[in-house]
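The lines below spell out each chain.
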Amino acid sequence: MITLEHLPSPPVFGQVTAFENDGRLQALLGSEALITAKKWLGEGMYIEVEVGQEPVRTAHSKQEAREAFYAHTETPWQRVMFAYYEEGWEAAVHEMIKCRGEGSLHDVASTVASLIIKMSSLIAKVHTLLPSPKKIKAPYDVAQDRGRCDGSIVSVAWHPNTNTLAAVICDDTVRVFTAGQPNKPILKHRLQKSITSIAWMPFSALVLAVGCEAGVLLWHLDPVNAMLRPSGSCATFLPCPGTSPITTLSWHPRGNVLVCAGGSSSQVVVWDVWREVSVVVHSGSGGTVTLAVWSPDSSRLFVAYSSKIMRVFETHGWNYEQWSVDSPVVSAVWSRRGHLLLFVTQEDPVLYHLAFLPGEGVGGTQVAAQVADLTQIAVASLEGDQISVGGAVKQIAWDPRSERLAVVFHNSQLLALFHTHTHPSLHLAPGGFICGEPGCVPVTVSFQQNLSSGAVLSVVWSSGKVTHLPMRYSSRDPLAASFIHNTSLPHAHSTTLPNTSFTVNSFFTNNVSPISSPLTGRLFSSP
Amino acid sequence: MKLEEIFLREIILWRCMRALGCVLLFQHFVSMGVCTIYRTVVAEGVINPLTILANLSTSWVMPSKLLSLTIPAICLILLARVHINNYAVSAWIPMYQWQSWRRFFTFKVQLGFSMIIGACVLLASFYTSLALPTFPQVFVRCSAEDVLCGPRKMSVICVGMFTGISYSMKYFLNNGNIITPAPAHPRKLQLIKSSLSMQKVKEACNTYGVSSFSLTCTVFLCIFASVVMCLSGGGSFPDVMHILELQLVMVVILSTLLLVTTLSVFSNILNIFLSEPIEIPLTVDEDSTSGTEEDSWRLCHTLSSSGLLQLLAFWDLKTLASADPRSLHRHTQIFTISQPGGHPRNWLGIMNPSLNLVRKFTDRLRRHNCPEELPQEPPKLVEATDVNKNEVTKPPPVPLKERLTKIVMSLKRYPIFSYFLSELPDATNRSIFAEALPVIWAVEALGDLVAASFTEDKFGIVQRNIPDILMAFVHLQKMVDSVGRVSVTRRASTSDNCQSDQQLRKALKLSLRTSIYIVTTTFGPTVLEMPVSGECRSKLQSYLEFKEA
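Chains are numbered independently. Their residues run from 1 in the order of the written sequence. Here the convention is simple: chains get letters from A, ligands get numbers from 1, in the order in which they are written. Given that this is a predicted model, residues contribute local features only at a pLDDT of at least 70 and side-chain atom pairs are listed and counted only at 80 or more, while totals for whole chains, interfaces and linings are drawn from all residues. Calculated side-chain values reflect all of the structure's heavy atoms, with hydrogen atoms and water omitted.

1. A look at the overall build of chain A
Heads up, the rule is: Numbering goes from the N terminus for both helices and strands, where a helix is a DSSP run of H or I of at least four residues and a strand is a run of E of at least two. Only protein chains enter the calculation, and the probe is 1.4 Å; a residue is then buried if its accessible area is under 20% of its type maximum, exposed if over 50%, and partly exposed in between. Should any heavy atoms of two residues lie within 4.5 Å, those residues are counted as being in contact. To measure how exposed things are, a 1.4 Å probe is used in the Shrake-Rupley method; for residues, cover is taken only from the protein chains shown.
Summing up its helical and strand segments, chain A has seven helices and 33 strands in all. For chain A, the residues scored as buried account for 56% of the 527 residues in total. Pairs at least 24 apart in sequence give 52% of the contacts found in chain A among residues at least 6 apart. A total accessible area of about 21,800 Å² is found for chain A, and carbon and sulfur atoms account for 57% of it.

Take a look at the structure:
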């Protein structure tokens, strides 16, 4: 089994990891690294994720435009009737209160209405004392990251088909960065509070799902005339009373269906976002759903819970298989063909994998195999300084070709990178450590999705900066080419890392045994 | 035999039976359980858990109690009959206000109304008698000594009628009869479980007008009516005071809540069972003899049918067109050719009805919104006129239809008539979009199949139809985009109708874009070399650049 000790030494102090060329990570000074990344990706295609100091529009006030056009010639009773027609009983009662001073009968009605409002507010106060899912803190603790990210970017998400990146900012806004676009839209909505996850809709120009406290907001942006501050009318709200606050959301690979979960329930809700219709596909024991990931072939859905279980559903009849784990799963990724699942748990510094057989049912192996030992170690840099790395894992990310795997640790300045290939079986090989500027800790990572060759890893650092790390490698998987043609935008918007004159690495073949055989353990059991 | 008849006989009736069984089971355990607990705790004042449990178990297994289930069974059969005869797959949008009134007064709707109201009254009476056995059933004659029997019956009948009318109004006039498949199909037990939440019960209460306000009003009205009846019938003041007992109010509220819950559960369960997906055979055998039921029960035929069968057929098509590995076997059958003969029967059997549906829908939209784009009718013969364009021949007599139109136009000047006779805003477009669901699924399925053909179509059978499909998509998108924004009505009562077609309109736009994106993403710039119109080509170019939103 591969361990962190197999990885080559991190760069010297003061240098940051700039790129990967055929299996070898190269480090340069900060400014040089940025210049090199821009050169590799192309000036027009490099997205500089910077958050300016523009004043963000405040939340929508309750005053509506129609009040400016209010027909004041209507009698009080007409106003009450119209309020009832338009907004129901509550609005009618409020309207009735406004009728005071327009006659004795109106005064009586107004008094009765104000009594009703007082009673209902009293009932509402009693209701707030009862336990409510909304008051339960989301397991995905954004606040913790916010404190560390110093008031800037919390996480990023790449569009699956285009060169567009969405960044979640600490102040509950989302910024959209598109290569070659000067405008960087700011998405803000009065319902968009405590953002927990974002996801781009596949096969769409610019449709972004934002999971937050109230539910899911779907932003429909115009790719041609990108407005700097799209209005609230560009957003569709999908209310999820049973699953708010949203903890996780994941798009069906085709893009027509969205799965979301959250709140105190263990409900998994599937939304037909086009028709705005939802259905609960599973509800039962297990605690809060913390993570849901749809497999790329759309046949399975991985769901992790706050308790020590995880489930994989087959998405035809929504039957599932369940695995028991020693501690809750924190992050999981599917391989590009959907036959392998890698995951890490909260406490075990071990990378596990589950294999799935094609055919009816879930078809998962009974026991998860350990593929990498991520126990904390002290590694020596090229200068000989000792740096601690490993331990509890925060996030894992796999590139769309399933050839590079990035691992983010809690309280570690270094990211671990593994080289992987999944055909005919899963193999991991050491890639190296990715290092940022001194004192910066990686918060979250995301791979660019629309590349036809190589990979680009975007890393959000605790300083709030986002760096892009280009990786140029030749695919080892014979099926990779067909995959690219099928799923990842081969013709239109894919970007190719340009050929450069960097030397080809010989480390991979000389230094370390490249392949580790996965070990199996009895930590997991299928029911 | 017609496909719809086979569908009704083989699938719908059987599903309806199973749904009825489920509701009856729910009825037996939940309603009887709640009523038994009420009777033991509230009426008899026993709070010993053992006694409650004993009473509960007795009520569930006692033969006499089981026999009493015949009343709800009859009610549910009545309700099921109404639902089977009146379900719809698309929202009904009236063109004029008078059409709503006309629909209300049709024999079919009135029959449905009376059956639902009758079932509701019987059920309300049944629940009341379960909760308090001293309460008489509505069909049992009151004894002469029991002065309170009549008023009590009156209360129960009022509550049953009120709920029945609310349910019928929603069902017949506010599109409560629409059956729509869910976006995902987990086990039915899961769907039923999620439809039994308190949230759903609360929603049902609001939907059927059983809010706390209306319930309180109804109860007090009933009591008022009972008091009047009692006093007018020679009852004494103590009798009247006896009517105003708390128990009556509580039992009436309990039975109303149970009735509303039963109606909601019945409606949900029937929807779950009826909208369950079906898998229809795809392959057409070469040596099969035409005309038999088995031969007609093929996907290509069901796609051209109507109603729920067509909707489920398009759902099945959408499922098998997706890249799900489980539908791989059926998926690969689409791209096969017949042996001997080499005809792409399966593909054509799917493509033709789907594309026809898309084209017909486009034509309907075009006919209403862009009539100038339609082929022009040949001009009429020039009438005989003199040099000053004055008619020289006697004008033909004005037909009756035109006279009626004129009368209607003149009546529209008066507010009361204009309310009934004026066309509702955007009604035609709304009624067209209300039927867009099978079109959306056809678009999705065709998009997925065209994309799959890139790697799976070994014989190139799909290739030559791709330009037609893309042109149909682009034309439909143009028409959908050209239809103006929906006008928002002020009346809250029409909001439900509004939402259904508006959402389908939006869904159609999005599904068209996604499908074209899938095709352009898969084929790349090759799509520009296909024989398509210039307008279509420029659209595809913008899709290739991901500039369409």
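From this point, the narrative continues.
2. Things to note about the pattern of salt bridges
If charged atoms from side chains of opposite charge come close, those side chains can pair. Residues and elements named next belong to chain B. The condition that has to hold: Put simply, a salt bridge is a Lys or Arg side-chain nitrogen that is within 4 Å of an Asp or Glu carboxyl oxygen.
By the definition in use, this model includes 18 salt bridges over all chains. Measuring nitrogen to oxygen at the nearest pair gives 3.7 Å for the salt bridge that ties Glu 444 to Lys 318. One end of the pair, Glu 444, is in helix α21 (residues 437-456); the other, Lys 318, is in helix α15 (residues 307-321), and 126 residues separate them in sequence. The two residues Glu 444 and Lys 318 agree in class, both being buried.

3. Some details on the environment of Phe 313 of chain A
All names here are of chain A. Structurally, the position occupied by Phe 313 is in strand β18 (residues 309-314). Taking the C-alpha atoms as reference points, Phe 313 and Ser 446, separated by 133 residues in sequence, lie 25 Å from one another. Here Phe 313 is in contact with His 282, Ser 299, Arg 300, Leu 301, Val 303, Tyr 305, Trp 318, Asn 319, Tyr 320 and Val 362, once residues within four sequence places are set aside.

4. Some remarks on the nonpolar core
As a reminder, the rule being used: Residues enter a nonpolar core if they are buried and are Ala, Val, Leu, Ile, Met, Phe, Trp, Tyr or Cys, with the set joined through side-chain atoms within 4.5 Å. Residue ranges for the domains trace back to a domain assignment, done automatically or taken from a database.
Among the nonpolar cores identified, the biggest contains 172 residues, and Leu 476 and Leu 508 of chain B are the most heavily contacted of them. With 15 residues, helix α12 (residues 246-274) of chain B is the largest single contributor of residues to this core. Built from parts of two domains, this core gets at least three residues from each of domain 1 (3-274) and domain 2 (299-370 + 399-544) of chain B. When neighbours within four sequence positions are excluded, Leu 508 of chain B is seen to be in contact with Phe 361, Phe 433, Ala 436, Val 439, Ile 440, Leu 476 and Val 480 of chain B. Formed by 27 residues, the second largest nonpolar core is a distinct cluster that contains Val 333, Leu 342, Val 344 and Leu 428 of chain A.

5. Observations regarding the environment of Ser 195 of chain B
Residue and element names in this part refer to chain B. Heads up, the rule is: Here a polar contact means two N or O atoms within 3.5 Å. Within protein one must be a hydrogen donor candidate and the other an acceptor candidate, and residues neighboring in sequence count only if both atoms are side-chain atoms.
Its location among the elements puts Ser 195 in the loop between α8 (188-194) and α9 (198-207). Residue classification places Ser 195 among the buried positions, given a relative accessible area of 7%. Linking Ser 195 and Glu 279, residues 84 residues apart in sequence, is a C-alpha distance of 25 Å. With sequence-adjacent residues up to four places away left out, Ser 195 is seen in contact with Lys 200, Asn 268 and Ile 272. A polar atom in the side chain of Ser 195 sits 2.7 Å from the backbone oxygen of Ile 192.

6. Points about the sheet that holds strand β2 (residues 15-21) of chain A
Working definition: the strands of a sheet are paired by backbone hydrogen bonds and lie parallel or antiparallel to each other. Residue and element names in this part refer to chain A. Our working rule: By this definition, two strands are paired if DSSP reports at least two bridges between them. Axes, fitted as lines to C-alpha atoms, cover a helix only where it is in contact. Angles between the N-to-C directions of the axes lie from 0 to 180 degrees.
The mixed open sheet is built from five strands, whose spatial order is β3-β2-β32-β31-β30. Of all the strands in the sheet, the pair left with one neighbour each is β3 (24-29) and β30 (442-447). Looking at each pair of strands side by side, their axes are set apart by 30 degrees on average, direction ignored. Judged from the six bridges that link them, strand β31 (residues 455-461) and strand β32 (residues 466-472) form a sheet pairing that is antiparallel. Each bridged residue has a counterpart across the sheet, and for Val 456 the counterpart in β32 is Pro 470.

7. Digging into the pairing of β32 of chain A
Within β32 of chain A, six of the seven residues are buried, which leaves it mostly tucked inside the rest of the structure. Where β31 of chain A folds back on β32 of chain A, the antiparallel hairpin that results is connected by four residues, among which Gly 464 of chain A adopts a positive phi of roughly 95 degrees.

8. Description of the UniProt feature "transmembrane region" (unreviewed entry) in chain B
To be explicit about the condition: UniProt positions are given in the numbering used here, feature names are shortened, and annotations may be inferred rather than shown by experiment.
Using the residue numbers shown here, the UniProt feature "transmembrane region" (unreviewed entry) corresponds to residues 66-84, 105-127, 208-231 and 243-266 of chain B. As annotated, residues 66-84 of chain B comprises 95% helix and 0% strand, and the C-alpha atoms at either end are separated by 26 Å.

9. As for the interface of chain A and chain B
Applicable threshold: Summed over both partners, buried area is the accessible surface (1.4 Å probe) that two parts give up on being assembled.
With 52 residues of chain A at the interface, the matching set in chain B holds 50 residues. Between chain A and chain B, a total of about 4,200 Å² is buried, with carbon and sulfur atoms accounting for 57% of that surface. Contact with chain B buries surface across chain A, with Arg 254, Trp 274 and Arg 275 of chain A losing the most and accounting together for 20% of the total. Summed over the shared surface of chain A and chain B, the result is two salt bridges. Elements supplying a minimum of two residues to the side of chain A that touches chain B: α2 (76-87), β14 (268-272), β15 (277-282) and α6 (480-487) of chain A. Counting residues per element, the side of chain A that touches chain B draws most heavily on β15 of chain A, at six residues.

10. What to know about the sheet that holds strand β5 (residues 164-169) of chain A
Residue and element names in this part refer to chain A. Overall, antiparallel pairing links the four strands, which are arranged β4-β5-β6-β7 in an open sheet. In the strand order of this sheet, the two ends are held by β4 (153-158) and β7 (186-187), each with one partner. Bridge analysis of β4 against β5 gives five bridges, and the strand direction is antiparallel. Each bridged residue has a counterpart across the sheet, and for Trp 158 the counterpart in β5 is Leu 165.

11. What to know about the state of the cysteines
A covalent bond between the sulfur atoms of two cysteines is what we call a disulfide. Test applied: In this description, the term disulfide denotes a pair of cysteine sulfurs within 2.5 Å.
Summed over the entire model, instances satisfying the criterion amount to zero disulfides over all chains. Left without a disulfide partner, Cys 440 of chain A is nearest to the cysteine sulfur of Cys 435 of chain A, which lies 9.1 Å away.

12. Re the packing of helix α6 (residues 107-131) of chain B against helix α7 (residues 149-173) of chain B
Residue and element names in this part refer to chain B. How we decide: Note that the term roughly parallel is reserved for angles under 35 degrees, roughly antiparallel for angles over 145, roughly perpendicular for angles of 65 to 115, and oblique for everything else. Should the near helix be turned anticlockwise from the far one by less than a right angle, the crossing is termed left-handed; should it be turned clockwise, right-handed. Asp, Glu, Lys and Arg are counted as charged, while Ala, Val, Leu, Ile, Met, Phe, Trp, Tyr, Cys and Pro are counted as nonpolar; the rest, among them Gly, fall into the polar class.
The interhelical angle for the contact between α6 and α7, taken along N-to-C directions, is 140 degrees, at an axis separation of 8 Å. In terms of their interaxial angle, α6 and α7 are classed as oblique. Judged by the twist between their axes, the crossing of α6 over α7 is right-handed. Every residue of α7 that contacts α6 at Val 109, Gly 112, Phe 113, Ile 116, Ile 117, Cys 120, Val 121, Ala 124, Ser 125 and Thr 128 is listed here: Val 156, Ile 157, Gly 160, Met 161, Gly 164, Ile 165, Tyr 167, Ser 168, Met 169 and Phe 172. Looking at the contact of α6 with α7 residue by residue, the classes come out as 14 nonpolar, six polar and no charged.

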